[in-house]
Amino acid sequence: MGSPNAVAAYASRLHAALGSSHHVASPLGAWLVLALAAPAATGAERSALEEALGSPAEEAAARASALLANPHPLVAAAAAVWARDRTPASDAWIDALGPAVERGPIPSPSEADAWARDHTHGLIDRFPLTLDPRTVLVLASALGTDVSWTVPFGTAPAAALGDTAWTVSTVLRAPDGHDVRIVADAEAGDVAVHTAQAEPVEGWSDGLRVVSVIGAPDVAPAAVLAAAHRAALSGVRAYSLFDLPLGDGHSWTLTEEQAPVRSESGRAEAYDAVLPAWTASSDHDLLADAGLGFDAAGTAVARLFGSALDVAARQVARAEYTRVGFRAAAVTAMAWMTSAPPPPRPGVLRTATVRFGRPYAVVAVARQPEGPWHGLPVFSAWVADATEAS
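Residues numbered from 1 in each chain as written. Predicted model: local features only at pLDDT ≥ 70, side-chain atom pairs only at ≥ 80, totals over all residues. Heavy atoms only, no water.

Draft legend 1. Summary view of the packing of aromatic side chains. Here the structure, examined in full by the defined rule, presents 9 aromatic pairs. Measuring from ring centre to ring centre gives 6.4 Å for Tyr321 and Phe326, while their planes differ by 70°; the resulting arrangement is edge-to-face. Each of the two residues, Tyr321 as well as Phe326, counts as buried. Put simply, the rings of Trp149, Phe153, Trp278, Tyr321 and Phe326 touch in pairs and so form one group of aromatic residues. In this arrangement the basic side chain of Arg267 is found over the ring face of Phe242, its NZ or CZ atom lying 4.2 Å from the centre. (Phe/Tyr/Trp six-rings, centres within 6.5 Å; stacked < 30°, edge-to-face > 60°. Buried < 20%, exposed > 50% of the residue type's maximum accessible area, 1.4 Å probe, protein only. Lys NZ or Arg CZ within 6 Å of the ring centre and 35° of its normal.)

Shown next, in the form of C-alpha coordinates:
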(Lines give C-alpha, C1' and ligand atoms only; values in the text may rest on other atoms or scores of the structure.)
Protein backbone atom coordinates (compact mmCIF):
# COMPACT_ATOMS: atom_id res chain seq x y z
CA MET A 1 0.00 0.00 0.00
CA GLY A 2 1.14 3.55 -0.63
CA SER A 3 3.27 4.61 2.34
CA PRO A 4 4.50 7.90 3.80
CA ASN A 5 7.75 7.18 1.97
CA ALA A 6 5.85 6.80 -1.33
CA VAL A 7 4.21 10.20 -0.86
CA ALA A 8 7.55 11.70 0.23
CA ALA A 9 9.13 10.30 -2.94
CA TYR A 10 6.37 11.94 -4.96
CA ALA A 11 7.06 15.18 -3.08
CA SER A 12 10.67 15.06 -4.30
CA ARG A 13 9.43 14.48 -7.85
CA LEU A 14 6.95 17.37 -7.59
CA HIS A 15 9.37 19.92 -6.14
CA ALA A 16 12.06 18.96 -8.64
CA ALA A 17 9.58 19.89 -11.38
CA LEU A 18 8.58 23.14 -9.65
CA GLY A 19 12.16 24.38 -9.28
CA SER A 20 13.77 26.65 -6.72
CA SER A 21 11.60 29.77 -6.90
CA HIS A 22 9.50 30.70 -3.87
CA HIS A 23 6.56 28.31 -3.79
CA VAL A 24 4.30 26.13 -1.73
CA ALA A 25 2.64 22.92 -2.85
CA SER A 26 0.75 19.93 -1.54
CA PRO A 27 2.43 16.69 -2.61
CA LEU A 28 -0.32 14.75 -0.88
CA GLY A 29 -3.06 16.69 -2.70
CA ALA A 30 -1.55 15.85 -6.08
CA TRP A 31 -0.87 12.25 -5.06
CA LEU A 32 -4.52 11.78 -4.00
CA VAL A 33 -5.84 12.83 -7.42
CA LEU A 34 -3.42 10.50 -9.22
CA ALA A 35 -4.27 7.63 -6.86
CA LEU A 36 -8.00 8.04 -7.50
CA ALA A 37 -7.42 8.12 -11.27
CA ALA A 38 -4.98 5.19 -11.32
CA PRO A 39 -7.48 2.27 -11.39
CA ALA A 40 -8.79 3.61 -14.74
CA ALA A 41 -5.38 3.15 -16.35
CA THR A 42 -4.05 0.21 -18.33
CA GLY A 43 -0.87 -0.53 -20.24
CA ALA A 44 1.76 2.19 -20.50
CA GLU A 45 -0.37 4.74 -18.64
CA ARG A 46 -0.80 2.39 -15.68
CA SER A 47 2.95 1.76 -15.53
CA ALA A 48 3.67 5.49 -15.60
CA LEU A 49 1.13 6.17 -12.87
CA GLU A 50 2.41 3.39 -10.65
CA GLU A 51 5.96 4.69 -11.02
CA ALA A 52 4.84 8.18 -10.02
CA LEU A 53 2.67 6.92 -7.15
CA GLY A 54 5.31 4.56 -5.80
CA SER A 55 2.85 1.66 -5.47
CA PRO A 56 0.45 -0.48 -7.52
CA ALA A 57 -2.59 1.41 -8.73
CA GLU A 58 -5.17 -0.48 -6.70
CA GLU A 59 -3.12 -0.14 -3.51
CA ALA A 60 -2.68 3.60 -4.05
CA ALA A 61 -6.43 4.01 -4.63
CA ALA A 62 -7.16 2.04 -1.46
CA ARG A 63 -4.77 4.25 0.51
CA ALA A 64 -6.41 7.39 -0.88
CA SER A 65 -9.85 6.10 0.09
CA ALA A 66 -8.64 5.29 3.61
CA LEU A 67 -7.20 8.79 4.07
CA LEU A 68 -10.39 10.46 2.90
CA ALA A 69 -12.62 8.18 4.97
CA ASN A 70 -10.54 8.75 8.13
CA PRO A 71 -9.52 12.42 8.07
CA HIS A 72 -6.81 13.76 10.32
CA PRO A 73 -8.22 16.05 13.04
CA LEU A 74 -5.87 18.88 12.06
CA VAL A 75 -6.15 18.47 8.27
CA ALA A 76 -9.40 19.08 6.39
CA ALA A 77 -9.48 16.66 3.45
CA ALA A 78 -11.97 16.18 0.63
CA ALA A 79 -12.17 14.78 -2.88
CA ALA A 80 -14.82 15.03 -5.56
CA VAL A 81 -15.62 13.67 -9.00
CA TRP A 82 -18.12 15.60 -11.11
CA ALA A 83 -19.26 14.27 -14.47
CA ARG A 84 -21.67 14.55 -17.40
CA ASP A 85 -22.19 12.28 -20.45
CA ARG A 86 -21.05 9.28 -18.45
CA THR A 87 -20.34 5.93 -20.08
CA PRO A 88 -20.54 2.40 -18.61
CA ALA A 89 -16.74 2.40 -18.32
CA SER A 90 -16.63 5.74 -16.54
CA ASP A 91 -19.51 4.68 -14.27
CA ALA A 92 -17.60 1.57 -13.21
CA TRP A 93 -14.52 3.61 -12.33
CA ILE A 94 -16.50 6.32 -10.49
CA ASP A 95 -18.54 3.75 -8.55
CA ALA A 96 -15.32 2.13 -7.29
CA LEU A 97 -13.82 5.36 -5.91
CA GLY A 98 -15.26 4.84 -2.44
CA PRO A 99 -17.96 6.61 -0.43
CA ALA A 100 -15.68 9.41 0.83
CA VAL A 101 -15.35 10.87 -2.69
CA GLU A 102 -18.14 13.35 -3.42
CA ARG A 103 -20.09 12.79 -6.64
CA GLY A 104 -22.37 14.98 -8.70
CA PRO A 105 -22.86 16.92 -11.91
CA ILE A 106 -20.38 19.49 -13.20
CA PRO A 107 -20.73 22.51 -10.89
CA SER A 108 -20.90 26.10 -12.04
CA PRO A 109 -17.72 28.16 -11.61
CA SER A 110 -19.18 29.82 -8.51
CA GLU A 111 -20.13 26.44 -7.04
CA ALA A 112 -16.63 25.10 -7.68
CA ASP A 113 -15.15 28.18 -6.00
CA ALA A 114 -17.43 27.62 -2.99
CA TRP A 115 -16.31 23.98 -2.80
CA ALA A 116 -12.68 25.11 -2.69
CA ARG A 117 -13.40 27.66 0.05
CA ASP A 118 -15.47 25.25 2.14
CA HIS A 119 -12.75 22.60 2.20
CA THR A 120 -9.71 24.84 2.79
CA HIS A 121 -10.73 26.99 5.77
CA GLY A 122 -11.38 29.77 3.25
CA LEU A 123 -7.70 30.03 2.27
CA ILE A 124 -8.35 29.04 -1.36
CA ASP A 125 -11.19 31.12 -2.79
CA ARG A 126 -10.92 30.16 -6.45
CA PHE A 127 -11.06 26.69 -8.01
CA PRO A 128 -7.85 26.02 -10.01
CA LEU A 129 -9.65 25.43 -13.33
CA THR A 130 -12.45 27.26 -15.14
CA LEU A 131 -15.39 24.88 -15.67
CA ASP A 132 -17.71 25.50 -18.61
CA PRO A 133 -20.22 23.56 -20.77
CA ARG A 134 -17.36 21.78 -22.56
CA THR A 135 -16.26 20.08 -19.33
CA VAL A 136 -17.02 16.35 -19.27
CA LEU A 137 -15.34 15.32 -16.01
CA VAL A 138 -13.56 16.90 -13.03
CA LEU A 139 -11.50 15.10 -10.38
CA ALA A 140 -10.35 17.22 -7.45
CA SER A 141 -8.84 17.09 -3.98
CA ALA A 142 -8.69 19.74 -1.26
CA LEU A 143 -6.54 19.91 1.88
CA GLY A 144 -6.38 22.58 4.54
CA THR A 145 -4.92 23.20 7.97
CA ASP A 146 -5.07 26.14 10.38
CA VAL A 147 -3.15 25.48 13.58
CA SER A 148 -1.55 27.38 16.43
CA TRP A 149 1.92 26.59 17.74
CA THR A 150 2.06 24.84 21.08
CA VAL A 151 4.62 27.50 22.04
CA PRO A 152 4.50 30.70 19.93
CA PHE A 153 7.66 32.28 18.57
CA GLY A 154 9.23 35.37 19.99
CA THR A 155 10.57 38.09 17.72
CA ALA A 156 13.99 39.56 17.10
CA PRO A 157 15.52 42.31 14.96
CA ALA A 158 16.46 41.07 11.50
CA ALA A 159 20.08 41.87 12.41
CA ALA A 160 20.01 38.63 14.42
CA LEU A 161 20.24 36.83 11.10
CA GLY A 162 23.64 38.29 10.35
CA ASP A 163 24.35 38.82 6.67
CA THR A 164 20.99 38.42 4.95
CA ALA A 165 19.24 39.77 1.90
CA TRP A 166 15.77 39.81 3.46
CA THR A 167 14.28 43.29 3.44
CA VAL A 168 12.46 42.92 6.74
CA SER A 169 13.10 44.50 10.10
CA THR A 170 11.73 41.77 12.39
CA VAL A 171 12.07 37.99 12.32
CA LEU A 172 11.02 35.05 14.46
CA ARG A 173 13.07 33.70 17.38
CA ALA A 174 12.44 30.12 18.45
CA PRO A 175 11.41 29.84 22.11
CA ASP A 176 12.17 27.08 24.56
CA GLY A 177 9.97 24.18 23.55
CA HIS A 178 10.86 24.28 19.86
CA ASP A 179 13.23 21.59 18.69
CA VAL A 180 16.45 22.86 17.08
CA ARG A 181 19.38 20.69 16.10
CA ILE A 182 22.18 20.20 13.59
CA VAL A 183 21.99 16.85 11.87
CA ALA A 184 23.86 14.76 9.34
CA ASP A 185 21.72 13.89 6.33
CA ALA A 186 22.86 11.15 3.98
CA GLU A 187 22.15 13.19 0.83
CA ALA A 188 22.28 16.85 1.83
CA GLY A 189 25.16 16.63 4.31
CA ASP A 190 25.09 18.65 7.53
CA VAL A 191 21.89 20.68 7.84
CA ALA A 192 20.20 22.74 10.53
CA VAL A 193 16.67 21.71 11.51
CA HIS A 194 13.95 23.64 13.33
CA THR A 195 10.66 21.97 14.30
CA ALA A 196 7.53 23.73 15.53
CA GLN A 197 4.70 21.62 16.91
CA ALA A 198 1.05 22.46 16.33
CA GLU A 199 -1.16 22.62 19.37
CA PRO A 200 -2.82 19.19 19.51
CA VAL A 201 -6.54 18.55 19.64
CA GLU A 202 -8.03 16.76 22.61
CA GLY A 203 -7.00 13.13 22.72
CA TRP A 204 -4.01 13.68 20.41
CA SER A 205 -0.52 14.08 21.78
CA ASP A 206 1.14 14.80 18.44
CA GLY A 207 -0.87 16.08 15.49
CA LEU A 208 1.15 18.21 13.04
CA ARG A 209 4.78 19.24 13.02
CA VAL A 210 6.29 21.82 10.69
CA VAL A 211 9.96 21.30 9.95
CA SER A 212 12.33 23.91 8.45
CA VAL A 213 15.69 22.76 7.10
CA ILE A 214 18.60 24.79 5.71
CA GLY A 215 21.56 23.24 3.90
CA ALA A 216 24.88 24.47 2.60
CA PRO A 217 24.77 26.98 -0.29
CA ASP A 218 25.91 24.43 -2.87
CA VAL A 219 23.31 21.78 -1.98
CA ALA A 220 20.49 21.55 -4.52
CA PRO A 221 17.02 22.58 -3.33
CA ALA A 222 15.64 19.13 -4.15
CA ALA A 223 18.19 17.57 -1.82
CA VAL A 224 17.31 19.99 0.99
CA LEU A 225 13.59 19.29 0.53
CA ALA A 226 14.28 15.55 0.64
CA ALA A 227 16.30 16.10 3.82
CA ALA A 228 13.35 18.00 5.30
CA HIS A 229 11.07 15.04 4.66
CA ARG A 230 13.55 12.70 6.31
CA ALA A 231 13.94 15.05 9.27
CA ALA A 232 10.15 15.24 9.63
CA LEU A 233 10.08 11.46 9.90
CA SER A 234 12.98 11.50 12.41
CA GLY A 235 15.19 9.67 9.95
CA VAL A 236 18.34 11.70 10.63
CA ARG A 237 21.17 11.68 13.17
CA ALA A 238 21.61 14.73 15.38
CA TYR A 239 25.07 15.90 16.34
CA SER A 240 26.20 16.71 19.82
CA LEU A 241 27.41 20.29 19.63
CA PHE A 242 30.64 19.03 21.21
CA ASP A 243 31.25 16.94 18.09
CA LEU A 244 31.26 20.06 15.87
CA PRO A 245 34.03 22.65 15.50
CA LEU A 246 33.70 26.03 17.15
CA GLY A 247 33.16 29.00 14.88
CA ASP A 248 31.03 29.45 11.78
CA GLY A 249 29.27 26.67 9.90
CA HIS A 250 27.30 27.25 6.76
CA SER A 251 24.22 28.38 8.72
CA TRP A 252 25.29 28.56 12.35
CA THR A 253 27.97 29.80 14.74
CA LEU A 254 29.19 27.68 17.66
CA THR A 255 30.67 29.39 20.70
CA GLU A 256 31.87 28.10 24.08
CA GLU A 257 31.95 29.76 27.48
CA GLN A 258 32.24 28.91 31.14
CA ALA A 259 28.81 28.63 32.78
CA PRO A 260 27.09 26.65 35.54
CA VAL A 261 25.53 23.38 34.26
CA ARG A 262 23.50 20.64 35.90
CA SER A 263 24.80 17.57 34.04
CA GLU A 264 27.26 15.16 35.63
CA SER A 265 29.46 15.43 32.55
CA GLY A 266 29.93 19.12 33.20
CA ARG A 267 28.77 19.90 29.67
CA ALA A 268 25.50 21.38 28.42
CA GLU A 269 24.12 22.34 25.02
CA ALA A 270 21.77 25.15 24.02
CA TYR A 271 20.30 26.31 20.74
CA ASP A 272 19.07 29.65 19.46
CA ALA A 273 17.28 29.85 16.12
CA VAL A 274 15.99 32.80 14.09
CA LEU A 275 14.01 32.46 10.87
CA PRO A 276 11.60 34.61 8.91
CA ALA A 277 7.87 34.68 8.90
CA TRP A 278 6.72 33.89 5.37
CA THR A 279 3.74 33.55 3.10
CA ALA A 280 3.43 31.88 -0.29
CA SER A 281 0.71 31.55 -2.91
CA SER A 282 1.32 29.29 -5.91
CA ASP A 283 -0.44 28.08 -9.03
CA HIS A 284 1.13 25.00 -10.62
CA ASP A 285 0.54 23.50 -14.07
CA LEU A 286 0.71 19.78 -13.30
CA LEU A 287 0.96 18.85 -17.00
CA ALA A 288 4.21 20.79 -17.45
CA ASP A 289 6.31 17.74 -16.49
CA ALA A 290 5.29 14.27 -17.69
CA GLY A 291 7.10 12.72 -14.74
CA LEU A 292 4.38 13.99 -12.38
CA GLY A 293 1.96 11.40 -13.81
CA PHE A 294 -0.89 13.72 -14.79
CA ASP A 295 -0.34 13.16 -18.53
CA ALA A 296 -0.81 9.44 -18.03
CA ALA A 297 -3.84 9.94 -15.78
CA GLY A 298 -5.42 12.28 -18.32
CA THR A 299 -5.01 9.82 -21.18
CA ALA A 300 -6.25 6.86 -19.12
CA VAL A 301 -9.45 8.51 -17.88
CA ALA A 302 -10.20 10.03 -21.32
CA ARG A 303 -10.34 6.50 -22.75
CA LEU A 304 -13.27 5.72 -20.45
CA PHE A 305 -15.36 8.15 -22.49
CA GLY A 306 -14.42 6.64 -25.84
CA SER A 307 -13.41 9.94 -27.41
CA ALA A 308 -10.50 12.33 -27.59
CA LEU A 309 -10.66 14.84 -24.76
CA ASP A 310 -8.47 17.76 -23.84
CA VAL A 311 -7.04 17.66 -20.33
CA ALA A 312 -6.04 20.35 -17.83
CA ALA A 313 -4.48 19.81 -14.40
CA ARG A 314 -3.50 22.48 -11.90
CA GLN A 315 -2.87 22.94 -8.21
CA VAL A 316 -3.30 26.18 -6.30
CA ALA A 317 -1.72 26.35 -2.84
CA ARG A 318 -1.26 28.94 -0.14
CA ALA A 319 0.59 28.98 3.18
CA GLU A 320 1.31 31.41 6.01
CA TYR A 321 4.02 30.77 8.61
CA THR A 322 3.70 33.29 11.44
CA ARG A 323 4.64 33.94 15.03
CA VAL A 324 1.53 32.19 16.34
CA GLY A 325 0.82 29.38 13.89
CA PHE A 326 0.67 27.82 10.44
CA ARG A 327 -2.11 28.01 7.85
CA ALA A 328 -1.95 26.15 4.55
CA ALA A 329 -4.31 24.85 1.91
CA ALA A 330 -4.26 23.41 -1.59
CA VAL A 331 -6.79 22.40 -4.22
CA THR A 332 -5.67 20.03 -6.97
CA ALA A 333 -7.93 19.57 -9.99
CA MET A 334 -8.02 17.71 -13.30
CA ALA A 335 -10.63 18.42 -15.95
CA TRP A 336 -11.45 16.64 -19.20
CA MET A 337 -13.04 18.77 -21.94
CA THR A 338 -14.53 18.18 -25.37
CA SER A 339 -12.56 20.99 -27.01
CA ALA A 340 -9.34 22.90 -26.52
CA PRO A 341 -9.32 25.13 -23.46
CA PRO A 342 -9.10 28.89 -23.91
CA PRO A 343 -5.59 30.37 -24.05
CA PRO A 344 -3.99 31.33 -20.74
CA ARG A 345 -4.99 34.72 -19.41
CA PRO A 346 -2.35 37.30 -18.55
CA GLY A 347 -1.28 36.99 -14.93
CA VAL A 348 1.44 37.85 -12.47
CA LEU A 349 4.29 35.50 -11.57
CA ARG A 350 6.22 36.49 -8.46
CA THR A 351 9.65 34.91 -8.20
CA ALA A 352 11.67 35.52 -5.04
CA THR A 353 15.45 35.58 -5.18
CA VAL A 354 16.12 36.98 -1.70
CA ARG A 355 17.47 34.66 1.00
CA PHE A 356 17.22 34.07 4.70
CA GLY A 357 20.75 32.97 5.13
CA ARG A 358 19.71 31.03 2.03
CA PRO A 359 16.50 29.38 0.85
CA TYR A 360 15.38 26.51 3.00
CA ALA A 361 12.77 23.78 3.08
CA VAL A 362 9.60 23.42 5.15
CA VAL A 363 7.50 20.27 5.53
CA ALA A 364 4.26 19.86 7.49
CA VAL A 365 3.84 16.21 8.44
CA ALA A 366 0.71 14.64 9.89
CA ARG A 367 1.14 12.61 13.05
CA GLN A 368 -1.32 9.81 13.71
CA PRO A 369 0.36 6.83 15.39
CA GLU A 370 -1.20 3.59 14.13
CA GLY A 371 -3.44 5.62 11.78
CA PRO A 372 -3.42 6.07 7.98
CA TRP A 373 -2.16 9.68 8.12
CA HIS A 374 0.97 9.01 10.16
CA GLY A 375 4.09 10.47 8.58
CA LEU A 376 2.43 11.92 5.47
CA PRO A 377 3.94 15.17 4.14
CA VAL A 378 0.72 17.17 3.80
CA PHE A 379 2.34 20.46 2.80
CA SER A 380 5.89 21.37 1.90
CA ALA A 381 7.58 24.54 0.75
CA TRP A 382 10.83 25.93 -0.56
CA VAL A 383 10.98 29.25 1.28
CA ALA A 384 12.57 32.06 -0.69
CA ASP A 385 10.66 35.09 0.56
CA ALA A 386 9.94 36.65 3.95
CA THR A 387 7.38 38.86 5.63
CA GLU A 388 7.55 41.04 8.70
CA ALA A 389 7.20 39.04 11.92
CA SER A 390 4.90 41.62 13.46
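Draft legend 2. Representation of the sheet that holds strand S18 (residues 377-383). Ordered in space as S1-S18-S17-S9-S8-S7-S10, the 7 strands form an open sheet in which the pairing is antiparallel. Every interior strand has two partners, whereas the edge strands, strand S1 (23-25) and strand S10 (237-238), have only one. In terms of strand pairing, strand S7 (residues 179-185) meets S10 through 2 bridges, oriented antiparallel. Bridging across to S10, Ala184 finds its partner in Arg237. (Pairing = 2+ DSSP bridges. Helix = DSSP H or I, 4+ residues; strand = E, 2+ residues; numbered from the N terminus.)

Draft legend 3. Fine view of empty space enclosed by the protein. Applying the stated rule across the entire model yields 1 cavity of 30 Å³ or more. Its volume calculated, the largest cavity comes out at about 30 Å³. Considering the residues around the largest cavity, the lining is formed by Val24, Val210, Phe326, Val362, Val363, Ala364, Phe379, Ser380 and Ala381. Residue assignment for the lining of the largest cavity shows that the elements contributing at least two residues are strand S17 (360-366) and S18. (1 Å grid on protein atoms, 1.4 Å probe; cavity = no way out; pocket = protein on both sides within 12 Å on 5 of 7 lines; lining within 4 Å. Points joined across faces, edges and corners; volume = space filled by probe spheres on them.)

Draft legend 4. Representation of the pairing of strand S15 (residues 310-321). Sheet topology note: the strand S14 (residues 278-285)/S15 ladder contains 8 bridges and is antiparallel. Counterpart to Trp278 in the pairing with S15 is Tyr321. Hairpin connection of S15 to strand S16 (residues 325-337): 3 residues between the antiparallel strands.

Draft legend 5. How the structure looks around the environment of Pro27. Structurally, the position occupied by Pro27 is in helix H2 (residues 27-37). On the basis of relative accessibility, which here comes to 0%, the residue Pro27 falls in the buried class. For the pair formed by Pro27 and Asp176, sequence separation is 149 residues and the distance between their alpha carbons is 31 Å.

Draft legend 6. Seen up close, the pattern of salt bridges. Under the defined criterion, the tally for this structure stands at 16 salt bridges. Residue Asp95 is joined to Arg86 by a salt bridge in which the shortest nitrogen-to-oxygen separation is 3.9 Å. Its salt-bridge partner being Arg314, residue Asp283 comes within 2.8 Å of it at the nearest N-O pair. A residue pair is termed long-range when its members are at least 10 positions apart, and Asp283 in strand S14 and Arg314 in strand S15 qualify at 31 residues. Taking relative accessible area as the criterion, Asp283 reaches 45% and is therefore assigned partly exposed. By sharing partners, the salt bridges in this structure join Asp146, Arg318, Glu320 and Arg327 into a single network. (Salt bridge = Lys/Arg side-chain N within 4 Å of Asp/Glu carboxyl O.)

Draft legend 7. Looking closely at the side chain of His194. When you line up the elements, His194 lands in strand S8 (residues 189-197). There is a polar contact of 3.0 Å between the side chain of His194 and the side chain of His178. For His194, the contacting residues outside a window of four places in its chain are Phe153, Ala174, His178, Asp179, Val180, Val210, Val211, Ser212, Leu275 and Tyr321. (Polar contact = N/O pair within 3.5 Å; in protein donor to acceptor, adjacent residues only side chain to side chain. Contact = heavy atoms within 4.5 Å.)

Draft legend 8. Looking closely at the packing of H2 against helix H4 (residues 57-69). Relative to each other, H2 and H4 sit at 125°, their axes nearing to 8 Å. Regarding the angle of H2 to H4, the classification is oblique. Every pair of crossing elements has a handedness; the one defined by H2 and H4 is left-handed. Packed against H2, whose contacting residues are Leu28, Trp31, Leu32, Ala35 and Leu36, the element H4 presents Ala60, Ala61, Arg63, Ala64, Leu67 and Leu68 at the interface. (Axes fitted to C-alpha atoms, helices over the stretch in contact; angles between N-to-C directions. Parallel < 35°, antiparallel > 145°, perpendicular 65-115°, else oblique. Left-handed = near helix turned anticlockwise from the far one by under 90°.)

Draft legend 9. Representation of the layout of surface pockets. Taken as a whole, the second largest pocket holds about 1400 Å³ of empty space. Along the walls of the second largest pocket sit 44 residues, with Thr253, Leu254, Ala270, Tyr271 and Asp272 positioned nearest its centre. Per-class residue counts for the lining of the second largest pocket are 24 nonpolar, 11 polar and 9 charged. (Nonpolar A, V, L, I, M, F, W, Y, C, P; charged D, E, K, R; others polar.)

Draft legend 10. Up close: the sheet that holds strand S6 (residues 170-173). Reading across the sheet, the 3 strands line up as S5-S6-S13 and stay open at both edges, with antiparallel pairing between neighbours. Of all strands in the sheet, those with a lone pairing partner are strand S5 (154-157) and strand S13 (274-275), marking the two edges. With 2 bridges joining them, S6 and S13 adopt antiparallel strand pairing. Residue pairing in the sheet places Arg173 in a bridge with Val274 of S13.

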